[in-house]
Amino acid sequence: MEKFSLFFKNLQQEMKLFLFFTVLFMLFRIAFIGIYSYQLGDGSYSEIVLCLWYGLRLSFKTTGMIVLISAVFATLPQLFFIKWPSDLLRKVISSSVVLLFTLLFFARIPYYKIFNSGFNIMLINGMYDDISAIVDTAVNEYQLLWRLPAAIICGIILAWILCKFLDTRTYVIKVASKTRRWLYSLGIIIFLTIFWIFVRFGGAFSYTKSVNCENAERLKSNLLNEAILDDGQALYRVKSITERIKKINNVNISANVLRQKIELLGGNPSADSIDDAFKKVVTIPKLQEQPDNVVLIVGESHALWPFLPEYENLGLVPKELKFLNSPNCFKTDFMLAQGTGTMPTINGFVTGLADAGIYPNSQPESYKTKYGTGIGSVMKALGYRTVFWYGGFEAWQDIKQFTLSQNFDEFYCAGDFQYEGGNSWGCPDEVLFKYVEKYIDKGKQEKTFHIILTTSNHPPYNIDVVAKGFPKEEIKQKLPDTIGSDEETLNEIGHIWYADQSIGDFIENVEADKPDTLFVITGDHAERFNFAKEVDLKTLSAVPCIFYGKNVSKDLLAENKVGCHLQIIPTLAEMVGKKGDTYSSIDSSLFDDNGTVFNHYLWTNDEQIYKINKKIPEALSNKIKAARQLTAWRVLKGDKIQ
């Protein structure tokens, strides 16, 4: 067969591939929307059509890359080697890709349930997590043992269908005239060039009109926005975000540039170190007397939504609502968590630095020097012994060595306790709080700061909450249409109730014995709860921030105050510090008029929460970049400005 005819045959095979994968990604997209369609509100049909249209265009890019790989390894070599096994190689390559994307699609289903997102930056964060615990959770909570074989079988079937499709007839073209052959060749080159540009720009001929992973978020529904991205584009989004983080985290800047960043963040640009640049002085202590014990509770997946008026009557957080209604309490309207994972939040508290996509607990500098802006350093400077309590195990994220390296005097975790039950992530919350309570009851002669990180409100949800008193049937009757009433959801809701009971019992017991204790309650993140209907960002992402204690007054904080996790550190310093005490903080306290606050992907200055994207105000964008570069410098290069 002459080379032109052979190339034309191969070209048809590549176009078959393009058609097959375009249809496959569309079927995956429709199936994904169907699985989570209960989240969509009424009147979403027009948005579904737009989602499918944008998704079709975006998947051209993924499909085009698959076809390009096939063309490079199957079609092009046969132009030089007639006996090149192009058909076999094409089937092997494309079948492998089908199997890969089928596995990714099956993984996307539970992934979205956990993170309300397709593949995102949490994939990178998960590399630092406890892999054995992740596998155990995947097996016990997300049916890995049947999902994986099902995905493989489905992938094999789809690959077989593809191979049969590739075996269908192709049209043979024979051109005797050399002139005609050149004309046909020129026509094919022009067609392929135009077609490739169209594919490259996601169904357009320029970047400004293209659909890509950066601008695919065009609809009101989070589910539909995530459905626009096929799994290839979702993974490319992870790559894109990671590269952007690396660019922002560039520490190859001069000391003068760093000083400009410090000044932009409200620090002293003339200081010799970052800690000194953000030194603050307590001028008017907020409490009449310094409490002997200060307790910061960081609840696993402890979200704001059960406290909101539309969900308050469910009775999921009755203990904490009792504290909120006490005159000895103040709270924020809502708070932005440091991250969507536990370790980013703990990194924030331990370092006192903004989230820059770096895990300080994995960086050598964190074990050489102490972050003066971290909560351990701040509380020690104010005269407190510091103790870190964790319901999990010390090997997770190297949390024991990390916290002990950062001005915590003691560390205790599930491995130090005797208990029954629990799971691969740690011990039940009530066990953790029992040991903290015993420690406080010993009544050491020195003032002590405790940070408590819980674990029970985390899959696998294996605590028998009904046996603990959870009124499941009563709550089931009260559920709004934004929350499902299936057994799995009810069990998860039961663990929210259990977390509140554990926190509340602990506070009541300690308060009875040590009435001057100051308690702070917040959550590490919120997004893990899977609502039946889509909700706004405040309901989905905000966490509570509650200050409660004998000497606390509601008048200490203005109403409708919003904040972020890093502000808890200077707020505590202003509350328990004595006049003239100093501390370092890159952020202002909640008592100050802080204006706009932000975290890793959200920002707010009022009752509404916004995503950080290209639409944010330029001044805020510059501030966020400055905070992240400052973090990168401090974590990677150290405290000195030189």
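Calculation criteria
- Residues numbered from 1 in each chain as written.
- Predicted model: local features only at pLDDT ≥ 70, side-chain atom pairs only at ≥ 80, totals over all residues.
- Heavy atoms only, no water.
- Helix = DSSP H or I, 4+ residues; strand = E, 2+ residues; numbered from the N terminus.
- Rg over C-alpha atoms; globule rule 2.2 N^0.38 Å.
- Buried < 20%, exposed > 50% of the residue type's maximum accessible area, 1.4 Å probe, protein only.
- Contact = heavy atoms within 4.5 Å.
- Core = buried A, V, L, I, M, F, W, Y, C linked by side-chain atoms within 4.5 Å.
- Pairing = 2+ DSSP bridges.
- Axes fitted to C-alpha atoms, helices over the stretch in contact; angles between N-to-C directions.
- Parallel < 35°, antiparallel > 145°, perpendicular 65-115°, else oblique.
- Left-handed = near helix turned anticlockwise from the far one by under 90°.
- Salt bridge = Lys/Arg side-chain N within 4 Å of Asp/Glu carboxyl O.
- Phe/Tyr/Trp six-rings, centres within 6.5 Å; stacked < 30°, edge-to-face > 60°.
- Lys NZ or Arg CZ within 6 Å of the ring centre and 35° of its normal.
- Patch = residues over 30% accessible without salt bridge, like charges linked within 9 Å, V, L, I, M, F, W, Y side chains within 5 Å.
- Areas by Shrake-Rupley, 256 points an atom, 1.4 Å probe, with all protein chains shown as cover.
- Expected span 1.5 Å × (residues − 1).
- Bend = angle between axes of the 7 residues up to and from the residue.
- Polar contact = N/O pair within 3.5 Å; in protein donor to acceptor, adjacent residues only side chain to side chain.
- Nonpolar A, V, L, I, M, F, W, Y, C, P; charged D, E, K, R; others polar.

(A) Examining the overall build of the chain more closely. A tally of regular secondary structure across the chain gives 22 helices and 14 strands. On C-alpha atoms alone, the chain measures out to a radius of gyration of 28 Å, which is about the 26 Å that the 2.2 N^0.38 rule sets for 642 residues. Along the first, second and third principal axes, the C-alpha atoms of the chain reach 100 × 60 × 45 Å. Put simply, the chain has 642 residues, and 57% of those count as buried. In the chain, 78% of the contacts between residues at least 6 apart in sequence involve partners at least 24 apart.

(B) Structural context of the side chain of Thr 102. Secondary-structure assignment places Thr 102 in helix H3 (residues 86–115). You can call Thr 102 buried: its relative accessible area is 0%. Residues contacting Thr 102, with those up to four places away along its chain left out, are Phe 28, Ala 151, Cys 154, Gly 155 and Leu 158.

(C) Summary view of the nonpolar core. Counting 134 residues, the largest nonpolar core has Trp 305, Phe 449, Phe 506 and Leu 572 as its most contacted members. Looking at this core element by element, the count peaks at nine residues for helix H19 (residues 487–513). If near-sequence neighbours (up to four positions away) are discounted, Trp 305 is found in contact with Tyr 311, Leu 314, Leu 316, Ile 483, Ile 496, Phe 529, Phe 531 and Thr 539. Grouped together as the second largest cluster of nonpolar side chains are 46 residues, Tyr 112, Met 122, Cys 213 and Ala 234 included.

(D) Structural context of the sheet that holds strand S2 (residues 293–299). Across the sheet, which stays open at both edges, the seven strands sit in the order S3-S9-S8-S2-S7-S5-S6 with mixed pairing between neighbours. Since the sheet does not close on itself, it has two edges, and those belong to strand S3 (329–331) and strand S6 (410–412), each with one partner. For this sheet, the mean angle separating the axes of adjacent strands, direction not counted, is 15°. Sheet topology places strand S5 (residues 385–390) next to strand S7 (residues 448–453); six bridges connect them, and they run parallel.

(E) Seen up close, the packing of helix H10 (residues 255–264) against helix H22 (residues 618–637). In the contact formed by H10 and H22, the axes pass within 9 Å of each other and the chain directions differ by 125°. One way to sum up the angle between H10 and H22 is to call them oblique. Taken as a pair, H10 and H22 cross one another with a handedness that is left-handed. For the pair H10 and H22, the contacting residues are Ala 255, Leu 258, Lys 261, Ile 262 and Leu 264 in the first and Asn 622, Lys 623, Ala 626, Gln 629, Leu 630 and Trp 633 in the second.

(F) Focus on the pattern of salt bridges. For the structure shown, the criterion picks out 22 salt bridges. Asp 292 serves as the salt-bridge partner of Lys 447, at 3.0 Å between the closest nitrogen and oxygen. Taken together, the residues span a long stretch of sequence, with Lys 447 in the loop between helix H17 (429–441) and S7 and Asp 292 in the loop between strand S1 (279–281) and S2 at a distance of 155 residues. When salt bridges with common partners are traced through the structure, they connect Lys 9, Glu 14, Asp 87 and Arg 90 into a single cluster.

(G) Summary view of the sheet that holds strand S12 (residues 597–598). Taken together, three strands build an open sheet; the order of strands is S12-S13-S14 and the sheet is antiparallel. Strands at the two margins of the open sheet, each flanked by one partner only, are S12 and strand S14 (609–611). Summarising the sheet, S12 and strand S13 (residues 602–604) pair through two bridges and their orientation is antiparallel. Note that in S13 the partner of Phe 598 across the bridge is Trp 603.

(H) The packing of aromatic side chains, seen in detail. Going through the model one piece at a time under the given rule, you end up with 37 aromatic pairs. On the numbers, 4.3 Å between centres and 15° between planes, the contact of Phe 417 with Tyr 435 is stacked. Remark: Tyr 435 occurs in helix H17 and Phe 417 occurs in the loop between S6 and H17; sequence separation between them is 18 residues. Relative accessible area serves as the criterion here: at 8%, Phe 417 is assigned to the buried category. Taken together, Phe 18, Phe 60, Phe 191, Phe 195 and Phe 198 form an aromatic cluster joined through their ring pairs. The aromatic ring of Phe 201 is capped on one face by Arg 200, whose charged end is 5.2 Å from the ring centroid.

(I) Focus on a nonpolar patch on the surface. The grouping of Met 65, Leu 68, Ile 69, Val 72, Phe 73, Leu 76 and Trp 196 at the surface amounts to a nonpolar patch, some 610 Å² of accessible area in total. Top contributing element to the nonpolar patch by residue count: helix H2 (residues 45–78), with six residues. By secondary structure assignment, the location of Ile 69 is in helix H2. What makes Ile 69 partly exposed here is its relative accessible area of 37%.

(J) Highlighting unusual backbone geometry. The amide bond that connects Pro 459 to the next residue, Pro 460, takes the cis arrangement and shows omega of 0°. Inspection of the secondary structure puts Pro 460 in the loop between S7 and helix H18 (472–478). Phi is positive for Asp 398, close to 55°, though the residue is something other than glycine. Within the fold, Asp 398 resides in the loop between S5 and helix H16 (399–405). For Asp 398, a relative accessible area of 34% puts it in the partly exposed group.

(K) Quick look at H2. With 34 residues, H2 extends 47 Å between its outermost C-alpha atoms, agreeing within 8% with the 50 Å of an ideal straight helix rising 1.5 Å per residue. Roughly 45° is the biggest bend found in H2, and it falls at Ala 71.

(L) Main features of the side chain of Thr 62. Counting through the fold element by element, Thr 62 comes out in helix H2. Overall, Thr 62 belongs to the buried group, its relative accessible area being 7%. There is a polar contact of 3.0 Å between the side chain of Thr 62 and the side chain of Gln 233. Among all residues touching Thr 62, those that are not within four sequence positions of it are Phe 25, Phe 101, Asp 230, Gly 232 and Gln 233.

(M) Inspection of the environment of Glu 289 at higher detail. Along the chain, Glu 289 falls in the loop between S1 and S2. For Glu 289, a relative accessible area of 41% gives the class partly exposed. Linking Glu 289 and Lys 578, residues 289 residues apart in sequence, is a C-alpha distance of 8.9 Å.

(N) View of the packing of helix H1 (residues 3–35) against H3. Two elements in contact, H1 and H3, have axes whose closest approach is 11 Å; the angle formed by their N-to-C orientations is 10°. With respect to H3, the element H1 is oriented roughly parallel. Facing Lys 9, Asn 10, Gln 13, Glu 14, Leu 17, Phe 20, Phe 21, Phe 25, Phe 28, Ala 31, Phe 32 and Ile 35 of H1, the residues of H3 in contact are Ser 86, Asp 87, Arg 90, Ser 94, Val 97, Val 98, Phe 101, Thr 102, Phe 105, Arg 108, Ile 109 and Tyr 112. Of the residues in the contact of H1 with H3, the class split is 14 nonpolar, five polar and five charged.

(O) Main features of the environment of Asp 333. Within the secondary structure, Asp 333 sits in the loop between S3 and strand S4 (334–336). With 211 residues separating them along the chain, Asp 333 and Pro 544 place their C-alpha atoms 7.8 Å apart. Within polar-contact distance, the side chain of Asp 333 engages the side chain of Lys 538 at 3.4 Å.

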